[in-house]
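Coordinate inspection notes
Okay, here's what each chain looks like letter by letter:
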Amino acid sequence: MAAAKEDESLLPRLPQLFETSKQLLEEVEEAAEPTTAHRIQKKVLRGLHLLEKAAEMLSQLDLFSRNEDLEEIASTDLKYLMVPALQGALMMKQVSPGKRLDHLQWARERFLYYLTQCQFYHVAEFKLPQTKDSPAENDTASSSMAYPSLVSMASHRQAKIERYKQKKEVEQRLSAMKSSVESGQVDDEHVREYYLLHLRRWISISLEEIESIDQEIKILREKGPSKEASTSHSALQDRPPGRPFILTRNVAQAKVFGASYPSLASMTVNDWYDQHEKCGELPDQGTAKTVSEVKTIAQQQEDQEEKEKEDGDSTPHQAQKWDDWKDTHPRGYGNRQNMG
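Keep in mind that what you see is a predicted model, and the values were worked out from it rather than measured. (Residues numbered from 1 in each chain as written. Predicted model: local features only at pLDDT ≥ 70, side-chain atom pairs only at ≥ 80, totals over all residues. Heavy atoms only, no water.)

Secondary structure assignment for the chain yields twelve helices and zero strands. The helix and strand sequence of the chain, counted from the amino end, reads α-α-α-α-α-α-α-α-α-α-α-α. Residues counted as buried form 26% of the 340 residues belonging to the chain. In the chain, once contacts between residues fewer than 6 apart in sequence are set aside, the share between residues at least 24 apart is 66%. For the chain, the accessible surface area stands at approximately 24,500 Å², while carbon and sulfur atoms represent 52% of it. (Helix = DSSP H or I, 4+ residues; strand = E, 2+ residues; numbered from the N terminus. Buried < 20%, exposed > 50% of the residue type's maximum accessible area, 1.4 Å probe, protein only. Contact = heavy atoms within 4.5 Å. Areas by Shrake-Rupley, 256 points an atom, 1.4 Å probe, with all protein chains shown as cover.)

Set out below in C-alpha cells:
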C-alpha cells in the first residue's frame with residue numbers, strides 16, 4: 001500500500017517535469033542569443049536536471065516493459081519514451097570545451113537508447129546505427145568512411161533525402177494537430193497518433209544527431225586531448241579582451257560615438273582644404289592658375305583662327321575684283337604725261 005501511495009504521488013509530477021523540460025528545450029532552440037550565453041546554459045542545465053528526475057521516476061514506475069507491445073502502452077504515456085532523446089538534445093547544447101568529448105559520447109548513448117526502444121516497439125522502420133563497443137565494427141566503419149564507394153554514397157544521400165521529407169511531413173501534421181490535442185478536444189485515437197508522430201520525428205532527429213556526433217568525435221580524437229585542453233585554455237583565459245570600435249561617417253557621429261583610434265581628428269578634410277586655400281598654401285593653387293591661363297590662351301587661339309578664316313574667305317573676292325579691273329583698265333591707262 002505504501003508503494004502504491006508513493007507511485008500515486010509520483011504520477012502527477014511526471015507530466016509537469018516532462019512538459020517543463022520540453023519547453024526549456026524549445027526555448028533554447030528558438031532563442032536568438034548564442035548557445036554560450038549564461039541564460040541559455042542555465043536553461044540547459046535546468047532541463048537536464050528535470051529530465052534526470054523524470055528518468056528516475058520512469059524507472060521507479062516501470063511504465064515500459066520488454067514484455068508488452070506498443071499497443072499495450074497508454075496513449076498519454078507514449079510521450080515519455082522521448083525522455084532519452086530530449087536528454088541527448090539538451091546535452092548537445094551544453095558548452096564546456098574541456099568536456100566536449102564526454103558530452104558527445106553521453107548524448108550519443110541517450111540517442112541510441114531511444115532508437116533502440118523505438119525499434120523494439122516497432123514505432124517506425126529504420127536502421128539502427130552501429131555501436132562503438134566492437135573494435136572490429138569500428139575498424140570496418142572507419143575504413144568504409146575513409147574509402148566510401150559511389151554506390152554507398154548515393155544510397156546514403158538518398159536515405160537522407162527521404163528522411164528529410166518524412167521529417168517535414170511529420171512536422172506539418174504535428175502543427176495541424178497541436179492545438180486540438182493540447183486543448184483536449186480530440187479522442188484517444190488522435191492523441192495516440194499525435195504522440196506517435198512525435199516519436200517518429202525524434203527518430204529522424206536522433207539519426208541525424210548520431211551521424212553528426214560521430215563526425216565531431218572523430219575530429220576531436222584526431223586533434224588530441226592535450227591540444228583541445230590547450231586550445232580551450234588559451235581561448236578562454238590567454239586571449240586578450242576585444243576592444244569595441246565604431247566607424248563614423250561624419251564629424252557629428254564621431255563626436256557622439258567616439259572613434260576607435262587614439263588620435264582624434266580636429267577638423268574635416270573640407271575644413272583643412274578651405275583653411276589652406278585661404279592661406280595660399282595648397283600645392284595645386286598654381287596649377288589652378290595655369291589652368292585659367294590655358295583657358296585664356298585657348299580662347300585667344302580660337303579668336304585668331306576665326307579672324308584668319310574670315311581673312312581667308314575675303315582674299316579670293318579681292319583677287320577677282322582686281323582681275324576684273326585689269327580687264328577694263330589696260331596697262332598705261334591714265335598715264336597721259338608719257339604719251340609719245
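Attention now moves to the environment of Leu-174. Positionally, Leu-174 belongs in helix 7 (residues 150-183). A relative accessible area of 7% places Leu-174 in the buried class. With 20 residues separating them along the chain, Leu-174 and Tyr-194 place their C-alpha atoms 6.6 Å apart. What Leu-174 contacts, discounting residues up to four positions off in sequence, is Tyr-194, Leu-197, His-198 and Arg-201.

Each α-helix winds once per 3.6 residues, and so residues spaced three or four apart point in a common direction. Look at helix 5 (residues 100-120): 30 Å from first C-alpha to last across 21 residues, which is about the 30 Å you get at 1.5 Å a residue. With its phi angle positive at about 55°, His-122 sits one or two positions after the end of helix 5. (Expected span 1.5 Å × (residues − 1).)

A negative phi angle is the norm for most residues apart from glycine, just as the trans form is the norm for most peptide bonds. One non-glycine residue with positive phi stands out, namely Asp-62, at about 55°. Structurally, Asp-62 can be placed in the loop between helix 3 (38-61) and helix 4 (83-93). For Asp-62, a relative accessible area of 52% gives the class exposed.

What follows deals with the packing of aromatic side chains. Under the defined criterion, the tally for this structure stands at four aromatic pairs. Taken together, a centroid distance of 5.1 Å and an interplanar angle of 80° make the contact between Phe-120 and Tyr-121 edge-to-face. With a relative accessible area of 30%, Phe-120 lands in the partly exposed category. On the basis of relative accessible area, Tyr-121 is assigned to the buried category, the value being 6%. Between the aromatic rings of Trp-322 and Trp-325, the centroid separation amounts to 5.3 Å while the plane-to-plane angle is 15°, which identifies the pairing as stacked. Linking Trp-322 with Trp-325, this pair stays in helix 12 (residues 285-328), spanning three residues, or about one helical turn. The ring of Trp-106 has Arg-110 lying over it, and the distance from NZ or CZ to the ring centre is 5.9 Å. The ring of Trp-202 carries Arg-201 above its face, with NZ or CZ at 5.6 Å from the centroid. (Phe/Tyr/Trp six-rings, centres within 6.5 Å; stacked < 30°, edge-to-face > 60°. Lys NZ or Arg CZ within 6 Å of the ring centre and 35° of its normal.)

With that settled, consider the packing of helix 5 against helix 8 (residues 188-223). Relative to each other, helix 5 and helix 8 sit at 150°, their axes nearing to 9 Å. Judged by the angle between their axes, helix 5 and helix 8 are roughly antiparallel. For the element pair helix 5 and helix 8, the recorded crossing hand is left-handed. Grouping the amino acids of the contact of helix 5 with helix 8 by side-chain chemistry returns 16 nonpolar, three polar and six charged. (Axes fitted to C-alpha atoms, helices over the stretch in contact; angles between N-to-C directions. Parallel < 35°, antiparallel > 145°, perpendicular 65-115°, else oblique. Left-handed = near helix turned anticlockwise from the far one by under 90°. Nonpolar A, V, L, I, M, F, W, Y, C, P; charged D, E, K, R; others polar.)

Moving on: the environment of Ala-37. Looking at the secondary structure, you find Ala-37 in the loop between helix 2 (13-30) and helix 3. As a C-alpha pair, Ala-37 and Val-95 span 58 residues in sequence and 9.4 Å in three-dimensional space.

What the rule picks out here adds up to eleven salt bridges. Between Arg-39 and Glu-33 there is a salt bridge, and its shortest N-O distance comes to 2.3 Å. With its nearest N and O atoms 3.8 Å apart, the salt bridge here joins Lys-168 to Glu-171. Residue Lys-168 and its partner Glu-171 are both found in helix 7; the two are separated by three residues, about one turn of the helix. On the basis of relative accessible area, Glu-171 is assigned to the partly exposed category, the value being 24%. (Salt bridge = Lys/Arg side-chain N within 4 Å of Asp/Glu carboxyl O.)

Now for the confidence of the model for the chain. For the chain, the mean per-residue pLDDT works out to 78, and 71% of the residues sit at or above 70. Confidence scores differ between elements of the chain, with helix 6 (residues 135-146) showing the lowest mean pLDDT of 48 and helix 4 the highest of 94. (pLDDT = per-residue confidence, 0-100.)

In terms of nonpolar packing, the biggest core is built from 58 residues, with Tyr-114, Trp-202 and Ile-203 touching the most fellow members. The set of elements that each furnish at least two residues to this core consists of helix 2, helix 3, helix 4, helix 5, helix 7 and helix 8. (Core = buried A, V, L, I, M, F, W, Y, C linked by side-chain atoms within 4.5 Å.)

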